[in-house]
Amino acid sequence: MILQNWWFTTLLGMNEPIRPPLKRHIRADVLIVGAGAAGLSAANYFIGRGLKTVLLEKNICGGSSSGKSAGFLTPDSELELSQLIRRFGITGAKDLWSVPTKGIEMMKSNIHRYQISCDFQIQDSLFLGIGKGGWRDIQEEMKSRKALGFDQILYNETDIQSVIGSKGYSGGVRYKDTYGIDALLYCQGMKKLLVRNDIDIYESSEVISVSDHCARTHLGSVTAEQIIFCADKIEPSLSRYADNIYHAQTFLSISEPLNEMMVKSIFPEDKFQCWDSTLVYSYFRLTGDNRILLGGGSMLTTFSKNDVNSSKVIDMVIRNFKNTFPQLKGLRFIQYWPGRIDSTRDLLPTILKDPAAPWLHFVLGCVGLPWATFCGDFAARHSVQTDQQDDHHYYEYFRADRHFFVPLWMEKIISKQLVFSINNGWAKYYQRDAENNKRTKELLLTRKLNNSKPNTHSSREC
Ligand SMILES: Cc1cc2nc3c(=O)[nH]c(=O)nc-3n(C[C@H](O)[C@H](O)[C@H](O)COP(=O)(O)OP(=O)(O)OC[C@H]3O[C@@H](n4cnc5c(N)ncnc54)[C@H](O)[C@@H]3O)c2cc1C
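A.B. asks: Just to check I follow, could you spell out the packing of aromatic side chains for this structure?
C.D. replies: As enumerated under the stated definition, the model contains 23 aromatic pairs in all. Aromatic pair Phe267 and Phe272: ring centres 6.1 Å apart, planes at 70 degrees, arrangement edge-to-face. Ring geometry for Tyr394 and Phe398: centres 5.9 Å apart, planes at 15 degrees, overall stacked. Overall, the relative accessible area of 2% leaves Tyr394 in the buried class. In this structure an aromatic cluster arises from ring pairing among Phe88, Trp371, Phe374, Phe378, Tyr394, Tyr395, Tyr397 and Phe398. Positioned above the aromatic ring of Tyr175 is the side chain of Arg145, whose terminal nitrogen or guanidinium carbon lies 3.7 Å from the ring centre.

What follows is the structure, encoded as structure tokens:
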């Protein structure tokens, strides 16, 4: 098994051209920094709006988290519905759940409308319980989905074996409108669409500094009226909000293609995208050519400070998977790759306009492709036409100074990883934001948020 992102292998097979780096100074109305799901979605908003838009990406489009991801398009990401209900109540949870749901719709619509070839698979979600605790989690998820009026099917320990070829699960919940994609090909497909529609894209162009409307790269610079940062692993020199961002590491692996008999033995009825109820959960689905895409992690490596490239963790995930599906004992996994997901302490994104420089927007810590897609579009809409938008209240949920159990200054005393784990655990299992939610509603009634209009003078130089 070699250390290599499978989606890069698929990309090399497509012979997609790379956009050259920026090598001069240009002016623009809008500059977007970072071309993952969020940045590409932001750029997409500017198609046909008569604003000169530039997108700078330090790698290739989709070259970081988006293009490493497993491509599960589901609203769940790391946040379970029951956790949102506990924190924000039914109304707040519904409001927040609609963020990734809209993100999925946007991605699906782009794929179909622009015929982006990205191994699009219709795959119902199957959340699988392990042991008695897992069965409780399944029932909790079922209850939460019902409370929000969603459709789903519940399987108990006996029924679940009719849809998944394993005796390792204590139950499951299944639901529709979820999909699987090759997210790197999606990002590259979006790149082609944007370029065709006069958005200037420069790959291999890292923004190294920003001041007074001007962003510099190693070889060029852009002066823009509005700058939207959709960059990951952002350096403190580029944003004073960089400290709000944490990372969670997960690992992926890909197998050789399964024959039809093997496919039927694990998915007797339908090909699902699956994840289980354990804390550091495993997840798997089939690609279009019937390879198993399997992911997971370990407690030790999830919050590790640096990238862990060893195959030890994924070897363990593969071993457990084969114990759960003994019929796949002889299956060979050929490539694996790690990835650190940007996240905030409560797994909700952070979106804001810098109060000191309202032309500077930040979209940070989006966990999940659908979240990132919605948030990029949100920032784009609000950067130029905020008075025409009716969803300002998301700025309140996603503000950088929202309440966390352990304050940021504690990081100077105990480690950043420890503060992250405690806040993260608190937000997931104990935090209640009903009061904050009430405050959000009051705020919405009494003032219009972030009503700053774009600055229209254009005489700035780098
Ligand atoms: C292994 C793995 C598996 C995952 N599986 C799933 C999944 O199945 N489903 C799901 O929904 N989510 C999944 N995720 C999470 C998901 O990939 C991310 O949440 C999502 O891609 C975030 O999108 P983004 O656009 O915010 O960030 P990114 O995709 O990280 O994009 C940010 C971009 O900014 C660029 N950049 C950074 N700094 C600069 C700079 N200074 N100048 C220019 N460019 C810069 C980066 O190169 C990058 O391309 C997974 C993540 C990983 C790592």
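Structure's up, so let's keep going.
A.B. asks: How should I be thinking about the site of the ligand in this particular structure?
C.D. replies: By nearness alone, 35 residues border the ligand, and Glu57, Ser66, Cys366, Gly368 and Leu369 come closest of all. Between Ala37 and the ligand, the recorded distance is 3.1 Å, taken from a backbone N or O atom to an oxygen atom. Cys366 is positioned such that a nitrogen or oxygen atom in its backbone is 2.8 Å from an oxygen atom of the ligand. For the ligand, whose unbound accessible area comes to 1,000 Å², protein coverage reaches 94%. Sorting the residues of the shell around the ligand by element identifies helix H2 (37-45), helix H3 (65-68), strand E14 (246-257), strand E18 (333-343) and helix H10 (369-385) as the ones contributing at least two each. Broken down by class, the residue content of the shell around the ligand amounts to 18 nonpolar, 12 polar and 5 charged. Formed jointly, the shell around the ligand draws a minimum of three residues from each of two domains, domain 1 (2-68 + 183-243 + 346-446) and domain 2 (123-179 + 246-342).

A.B. asks: What exactly am I supposed to notice about the pairing of strand E3 (residues 53-56) here?
C.D. replies: The side chains of a regular strand alternate, first on one face of the sheet and then on the other. Of the two faces of E3, the one holding Thr53 and Leu55 and the one holding Val54 and Leu56 are both buried throughout. Bridge analysis of strand E2 (residues 25-33) against E3 gives 4 bridges, and the strand direction is parallel. Within the sheet, the bridge partner assigned to Val33 lies in E3 and is Leu56. The parallel pair E2 and E3, bridged by H2, forms a crossover whose chirality is right-handed. Taken together, the 3 bridges between E3 and strand E10 (residues 200-202) define a ladder with parallel strand orientation. Within E10, the residue paired with Leu55 across the bridge is Ile201.

A.B. asks: Explain helix H5 (residues 131-147) to me, please; I cannot follow it from the model alone.
C.D. replies: For an α-helix, 3.6 residues make a turn, and residues three or four places apart therefore share a direction. When the terminal C-alpha atoms of H5 are compared, their 25 Å separation across 17 residues agrees well with the 24 Å that a helix rising 1.5 Å per residue should span. If you check which residues of H5 are buried, you get Gly134, Ile138, Glu141, Met142, Ser144 and Arg145. Looking straight down H5, one finds its buried side chains confined to an arc of 165 degrees; they lie on one side. Seen from the open side of H5, the exposed residues pointing more than 90 degrees away from its buried face are Lys132, Arg136, Lys143 and Lys146. Against the buried residues of H5 lie helix H4 (81-113), strand E6 (125-129), strand E7 (153-156) and strand E8 (171-175). Count one or two residues on from H5 and you reach Gly149, which has phi positive near 75 degrees.

A.B. asks: What is the right way to look at the sheet that holds strand E5 (residues 121-122) in this model?
C.D. replies: Sheet strands line up and pair through hydrogen bonds in the backbone, either parallel or antiparallel. Read from one edge of the open sheet, 3 strands run E4-E9-E5, paired in antiparallel fashion. Both edges of this open sheet fall to strand E4 (72-73) and E5, since each of them pairs with a single strand only. Pairing geometry for E5 and strand E9 (residues 179-180), over 2 bridges, is antiparallel. Among the inter-strand pairings, Gln121 is bridged to a residue of E9, identified as Gly180.

How each quantity is defined
- Residues numbered from 1 in each chain as written.
- Predicted model: local features only at pLDDT ≥ 70, side-chain atom pairs only at ≥ 80, totals over all residues.
- Heavy atoms only, no water.
- Phe/Tyr/Trp six-rings, centres within 6.5 Å; stacked < 30°, edge-to-face > 60°.
- Buried < 20%, exposed > 50% of the residue type's maximum accessible area, 1.4 Å probe, protein only.
- Lys NZ or Arg CZ within 6 Å of the ring centre and 35° of its normal.
- Near = heavy atom within 4 Å.
- Polar contact = N/O pair within 3.5 Å; in protein donor to acceptor, adjacent residues only side chain to side chain.
- Areas by Shrake-Rupley, 256 points an atom, 1.4 Å probe, with all protein chains shown as cover.
- Helix = DSSP H or I, 4+ residues; strand = E, 2+ residues; numbered from the N terminus.
- Nonpolar A, V, L, I, M, F, W, Y, C, P; charged D, E, K, R; others polar.
- Domains from an automatic or database assignment.
- Pairing = 2+ DSSP bridges.
- Right-handed = clockwise from strand over helix to strand, strands pointing away.
- Expected span 1.5 Å × (residues − 1).
- Arc of directions from axis to C-beta.
- Contact = heavy atoms within 4.5 Å.

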